[in-house]
Amino acid sequence: DNMAQENKLTSNKAFYHSIIHACAQAGNPDAAGWVTIKMARMGLQPNKVTFNSVIDACAKVGDIDLATKWWDQMTQVGLKPNGITYNTMINACAQARDAPRAEWWMQKMISDGVAPCIVSFSTVIDAYAKTGKIDKAESCFRRMLEVGVAPDAVVFNSLINACAKSSNAARAKQWLLQMQRHNIK
């Protein structure tokens, strides 16, 4: 009755994933990691979903070091990170207010052959914007356009807010006009 055994393992894995996800939502990466280890000890191999969820738990609290340890663990067991994994690492850096490191992860994403999406760029742009590095945020915006990723309202709002925080109303107005040129409301 191999099929019944396989179904039981699959449902158990879904159960563990739901607990890991709940730990991530609660901002408790240590608990998410503990559940992952417990899952593996029960004979259920962690997969990309498992690792992405644990890395997300780390990202929610901006724990880059712990997120990196789980990244390393994922690659050591032979799993290839996907766009979600990279974006979650970028987010971990953004949550920790480490914009240069967020950009480093996006560069790694590109060099590893995974195309960044609007989430990748908007997270890096927002990280620079929140730390007052408008020039870096704008440079990232230009690179986003160069690789053919269309901007969205989130990107423009990040840039406008950064200009407003630095009391640069003229620059904020330029971004608002560019937002309108891109037909974003």
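Quick note: structure is the one above.
Predicted model only: the values in this text are computed from it and were never measured.

Draft legend 1. Structural context of helix α5 (residues 83-95). If you check α5, its first and last C-alpha atoms are 18 Å apart, about what 13 residues at 1.5 Å a residue would give, namely 18 Å. Turning to α5, its buried residues number three or more, namely T85, Y86, N87, T88, M89, I90, A92, C93 and A94. Tucked inside the fold, the buried residues of α5 contact α3 (48-60), α4 (64-76), α6 (99-111) and α7 (118-130). For α5, the N-terminal cap is N82; the gap from its side-chain oxygen to the backbone nitrogen of I84 is 3.1 Å. Looking at the residues trailing α5, positive phi occurs at R97, about 60°.

Draft legend 2. Representation of the packing of aromatic side chains within the structure. On inspection of all chains with the given rule, the structure shows eight aromatic pairs. Taken together, a centroid distance of 4.9 Å and an interplanar angle of 70° make the contact between W71 and Y86 edge-to-face. One end of the pair, W71, is in helix α4; the other, Y86, is in helix α5, and 15 residues separate them in sequence. W71 sits in the buried class, given a relative accessible area of 5%. Y86 gets classed as buried once you look at its relative accessible area, which sits at 3%. Here the aromatic cluster, defined as three or more aromatic residues joined through ring pairs, consists of W71, Y86, W104 and W105.

Draft legend 3. Seen up close, the side chain of T123. Among the structural elements, T123 can be located in helix α7. Residues within four places of T123 in sequence aside, it is in contact with I90, N91 and A94.

Draft legend 4. Focus on the pattern of salt bridges. Tallying each qualifying case throughout the model produces seven salt bridges. For R101, the salt bridge goes to D65, with nearest N and O atoms at 3.8 Å. Within this pair, whereas R101 is found in helix α6, its partner D65 is found in helix α4, the two being separated by 36 residues in sequence. Assessed through its relative accessible area of 30%, R101 is described here as partly exposed. What you see here is one network of salt bridges that share partners, running through D135, E138 and R171.

Draft legend 5. Quick look at the environment of D63. With respect to the secondary-structure elements, D63 resides in the loop between α3 and α4. The spacing of D63 and M89 is 26 residues in sequence and 9.8 Å in space, taken between C-alpha atoms.

Draft legend 6. Quick look at the nonpolar core. Counting residues in hydrophobic clusters, the biggest one holds 54 residues, and the most contacted among them are I125 and F141. Excluding its chain neighbours within four sequence positions, the residues that come into contact with I125 are A137, C140, F141, M144, V155, S158 and L159.

Criteria and thresholds
Residues numbered from 1 in each chain as written. Predicted model: local features only at pLDDT ≥ 70, side-chain atom pairs only at ≥ 80, totals over all residues. Heavy atoms only, no water. Helix = DSSP H or I, 4+ residues; strand = E, 2+ residues; numbered from the N terminus. Expected span 1.5 Å × (residues − 1). Buried < 20%, exposed > 50% of the residue type's maximum accessible area, 1.4 Å probe, protein only. Contact = heavy atoms within 4.5 Å. Polar contact = N/O pair within 3.5 Å; in protein donor to acceptor, adjacent residues only side chain to side chain. Phe/Tyr/Trp six-rings, centres within 6.5 Å; stacked < 30°, edge-to-face > 60°. Salt bridge = Lys/Arg side-chain N within 4 Å of Asp/Glu carboxyl O. Core = buried A, V, L, I, M, F, W, Y, C linked by side-chain atoms within 4.5 Å.

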